[in-house]
Amino acid sequence: MAKTVVIQDINATGATERNDGWWVEPLMVLGGLGLFIVYATWAAIQGEFYAMEKVEEIIIPAGANAAEFVRPYLSPICSPDLPRWFPELFSWYQWSPAFLILPFPGAFRATCYYYRKAYYRSFFTTPAACSVGGQPSPLSKLLGFTKKYTGETQFPMYFQNLHRFTFYIAALFMVILAYDAYQGFFGWEHIGYADGKNFHVGVGSLVILGNVVLLGLYTFSCHSWRHLLAGKLDCFSCSDFTSKRFDAWKRQSFLNEHHMLFAWVSLIWVGFTDLYIRLCAMGIWQDRILF
Amino acid sequence: MAKAEATFHVFRGEAADAESGVEASGEYQEYKVPVEEGMVVLDAMHYIQGEDAPDLAVRWNCKAAKCGSCSAEINGKPRLLCKQRMDALPLDEPIVVSPLKTFPLVKDLVTDVSWNYKMNAAIPPFQPKEEDTDKWEVFENDVVRTQEFRKCIECFLCQDVCHVLRNHDRKDAFAGPRFMVRLASLDMHPMDARNDRVKYTKEEAGIGLCNITKCCTEVCPEDIKITDNAIIPMKERVVDEFYDPVMKVLRGIGLAHKK
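About the thresholds
Residues numbered from 1 in each chain as written. Chains lettered and ligands numbered in written order. Predicted model: local features only at pLDDT ≥ 70, side-chain atom pairs only at ≥ 80, totals over all residues. Heavy atoms only, no water. Helix = DSSP H or I, 4+ residues; strand = E, 2+ residues; numbered from the N terminus. Contact = heavy atoms within 4.5 Å. Areas by Shrake-Rupley, 256 points an atom, 1.4 Å probe, with all protein chains shown as cover. Lys, Arg positive; Asp, Glu negative; His and termini not counted. Charge placed at Lys NZ, Arg CZ, Asp CG, Glu CD. Buried area = accessible area lost by both parts, 1.4 Å probe. Salt bridge = Lys/Arg side-chain N within 4 Å of Asp/Glu carboxyl O. Polar contact = N/O pair within 3.5 Å; in protein donor to acceptor, adjacent residues only side chain to side chain. Nonpolar A, V, L, I, M, F, W, Y, C, P; charged D, E, K, R; others polar. Patch = residues over 30% accessible without salt bridge, like charges linked within 9 Å, V, L, I, M, F, W, Y side chains within 5 Å. Buried < 20%, exposed > 50% of the residue type's maximum accessible area, 1.4 Å probe, protein only. Phe/Tyr/Trp six-rings, centres within 6.5 Å; stacked < 30°, edge-to-face > 60°. Domains from an automatic or database assignment. 1 Å grid on protein atoms, 1.4 Å probe; cavity = no way out; pocket = protein on both sides within 12 Å on 5 of 7 lines; lining within 4 Å. Points joined across faces, edges and corners; volume = space filled by probe spheres on them.

Considering the overall build of chain A
Along its length, chain A carries 11 helices and 1 strand. The N-to-C order of helical and strand elements in chain A reads β-α-α-α-α-α-α-α-α-α-α-α. In terms of overall dimensions, chain A has C-alpha extents of about 80 × 55 × 40 Å along its principal axes. Contacts spanning at least 24 positions in sequence make up 68% of the contacts within chain A whose residues lie at least 6 apart. As displayed, chain A offers around 14400 Å² of accessible surface, 68% of which is attributable to carbon and sulfur atoms. One way to put it: in chain A the 22 positive side-chain charges average out to a point 10 Å from where the 21 negative ones average out.

Here it is as structure tokens:
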């Protein structure tokens with residue numbers, strides 16, 4: 001083997017001496033995130049079957065008792081259902097609440113320190129993988145990133161610096177989603193379920209509970225939250241309060257180490273929760289009440 | 001039973017010549033090396049030096065993954081030659097060994113990493129809050145976080161793999177992950193008096209150019225969580241000082257301070 005090479009020639013697309021499957025991970029991320037984006041967009045455009053609280057929201061088998069099919073379930077991609085909460089304010093609004101809701105958790109995930117790594121690699125190829133050369137991807141070119149590399153110092157990537165504000169909104173959403181999960185167990189009477197009891201555990205209740213737990217783990221393992229808890233301090237032992245913040249920071253750091261895992265599991269579970277409720281509302285699948 | 005044999009493709013090349021304008025170039029030469037139990041790639045390079053190519057240039061010192069001298073790329077991945085075990089590499093195909101590609105070639109596997117020392121020298125050193133160090137009282141909790149950063153052996157594998165330096169050649173504006181770690185260790189130190197390190201990190205070290213793709217963390221032979229524990233915390237400190245309007249208001253009315 002005597003192939004003359006110029007040592008600086010490392011920037012061509014895919015230029016690398018790596019002989020492992022470096023392209024597998026970015027492709028999987030591309031597929032996974034792409035699938036969720038396509039599904040969420042389809043679900044939002046469909047504009048119905050995201051809740052099961054009213055008889056008119058669901059498809060009921062002919063001749064069946066409608067009151068046995070209603071459920072206190074609301075899809076997380078449509079929560080809070082603002083048009084339902086404020087009908088007069090949103091009287092002009094005729095589309096799915098998903099269009100009002102998704103931009104907020106979407107912004108939290110788009111500016112998330114984990115997802116930044118994921119999509120910079122998979123969608124922008126800056127870089128596609130470690131020690132792999134790459135020219136700007138079509139998406140990068142579309143956004144105008146073809147000139148000198150500027151990282152996160154210029155518009156629009158400049159806004160990545162405001163991740164903590166999207167965290168504040170995501171934390172607020174957690175309160176709302178926790179209320180939805182509570183309703184999944186204790187909200188059966190006011191929707192007029194057949195037996196008149198207020199408490200039931202359906203498979204859907206557990207699915208929604210799993211959703212709020214996983215989303216909570218993802219939200220509160222956030223790097224910005226880690227900083228705000230105590231990461232910004234230089235002296236942890238300067239007072240009782242800073243010592244307590246240090247203890248909280250240590251515990252949160254454990255969660256933070258698994259931020260990527262929580263990011264994926266929670267994303268998949270959000271999609272699954274919506275799909276479960278959608279299939280039940282459409283009459284394709286039947287929710288089972290455990291007790 | 002016959003010993004296993006590994007085929008190496010080792011980069012042999014010469015430095016660029018500024019006077020004639022000739023770029024650094026070279027070629028991959030093939031060598032056969034018998035594989036011994038417990039062997040690392042640096043052993044193989046020494047075998048090649050001893051048997052086939054006494055003029056093969058390879059920098060090394062401790063052979064214990066602590067001096068950071070034998071940094072190179074093995075099958076395209078930045079690695080310490082002395083830490084990469086042969087039994088962890090597939091022997092059914094050639095093992096490609098090349099120099100760090102982010103820095104200028106000196107010869108064969110040796111590169112000129114002096115740019116890193118210039119970056120290091122430019123960082124304002126530790127400035128103690130109190131001159132009389134006998135009075136210092138530092139608690140373990142306050143330094144446990146920065147202890148991780150002190151494991152750095154300055155092998156510059158993180159600098160090599162960082163695409164900002166490697167592919168975009170922004171050495172003019174970005175200090176690289178190694179020095180984000182150093183800046184973090186200084187800024188987080190409870191006894192450091194300087195309050196301009198965050199500004200330095202943003203404006204001189206160029207932390208905004210990092211897009212946290214975590215390659216530095218992946219290659220660190222000391223397993224320092226460079227991105228999660230140094231770069232992202234420093235990015236958040238930059239946000240506190242330069243981007244967060246709420247923090248600006250709080251500082252304006254005296255409810256928050258820089259350090």
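And the narrative resumes.
Examining the interface of chain A and chain B
At the junction of the two partners, chain A supplies 51 residues and chain B supplies 60 residues. Summing the contributions of chain A and of chain B, the shared interface buries around 5100 Å²; its carbon and sulfur component is 53%. For the interface between chain A and chain B, the tally reads 10 salt bridges. As a salt-bridge pair, Lys232(A) and Asp240(B) come within 3.7 Å of each other at their nearest N and O atoms. At the boundary of chain A and chain B, one finds 30 residue pairs in polar contact (both at pLDDT 80 or more). Counting only elements with at least two residues in the side of chain A that touches chain B, the list comes to β1 (4-6), α5 (113-122), α7 (163-186), α9 (223-231) and α10 (240-256) of chain A. At 6 residues, α9(A) tops the list of elements feeding residues into the side of chain A that touches chain B. Here the side of chain A that touches chain B is composed, by residue class, of 22 nonpolar, 16 polar and 13 charged.

Topic: the side chain of Ser253(A)
In this structure, Ser253(A) sits in helix α10. Among the polar contacts made by the side chain of Ser253(A), one reaches the side chain of Arg226(A) at a distance of 3.1 Å.

Concerning a negative patch on the surface
Residue and element names in this part refer to chain B. Together, Glu130, Glu131, Asp132 and Asp134 give the surface a local cluster of negative charge. For Glu130, the location among the structural elements is in the loop between α2 (114-122) and α3 (140-147). According to the relative accessible area criterion, Glu130 is partly exposed, its value standing at 36%.

Focus: the packing of aromatic side chains
Residue and element names in this part refer to chain A. All chains considered together, the criterion is met by 36 aromatic pairs over all chains. Each ring, one from Tyr158 and one from Phe159, has its centre 6.0 Å from the other, and the planes form 85°; the classification is edge-to-face. Note on Phe159: relative accessible area 43%, which makes it partly exposed. Grouped by ring-pair contacts, the aromatic residues Phe108, Tyr114, Tyr115, Phe165, Phe167, Tyr168, Tyr218, Phe220, Trp225 and Trp264 constitute a single cluster.

Structural notes on the pattern of salt bridges
Per the stated rule, a full pass over the model turns up 35 salt bridges over all chains. In the salt-bridge network here, residues are joined through shared partners; they are Glu17(A), Glu73(B), Lys101(B), Asp160(B) and Arg166(B).

Digging into the domain arrangement of chain B
It is common to give the size of an interface as the accessible area that goes away when the parts come together. Residue and element names in this part refer to chain B. Split into domains, chain B comes out as domain 1 (5-111) and domain 2 (114-252). Placing a centre on the C-alpha atoms of domain 1 and another on those of domain 2 gives a separation of 30 Å. Each partner contributes to the roughly 1200 Å² buried at the junction of domain 1 and domain 2, and carbon and sulfur atoms together form 55% of this total. It is Pro78, Thr102 and Phe103 that lose the most area in domain 1 upon contact with domain 2, and together they represent 46% of the buried surface on that side. Our count for the domain 1 to domain 2 interface comes out at 2 salt bridges.

Digging into unusual backbone geometry
Put simply, Ser79(A) and Pro80(A) share a cis peptide bond, and its omega is 5°. Note that Pro80(A) resides in the loop between α1 (24-46) and α2 (82-85). With an omega dihedral of -10°, the bond running from Thr126(A) to Pro127(A) counts as a cis peptide bond. Positive phi outside glycine occurs at Glu154(B), with the angle close to 50°. One can find Glu154(B) in the loop between α3 and α4 (157-161).

As for the layout of surface pockets
Residues and elements named next belong to chain A. Estimated volume of the largest pocket: approximately 870 Å³. In terms of lining residues, the largest pocket is bounded by 39 residues, among which Pro105, Gly106, Ala107, Arg109 and Ala110 are the most central. For the lining of the largest pocket, the leading source of residues is helix α4 (residues 103-110), giving 7 residues.

Details of the side chain of Gln252(A)
Residue and element names in this part refer to chain A. One can find Gln252 in helix α10. Gln252 gets classed as buried once you look at its relative accessible area, which sits at 4%. Polar side-chain contacts of Gln252 include one of 3.0 Å to the backbone oxygen of Cys222. Apart from residues no more than four positions distant in its own chain, Gln252 is found in contact with Phe220, Ser221, Cys222, Trp225, Arg226 and Leu229.

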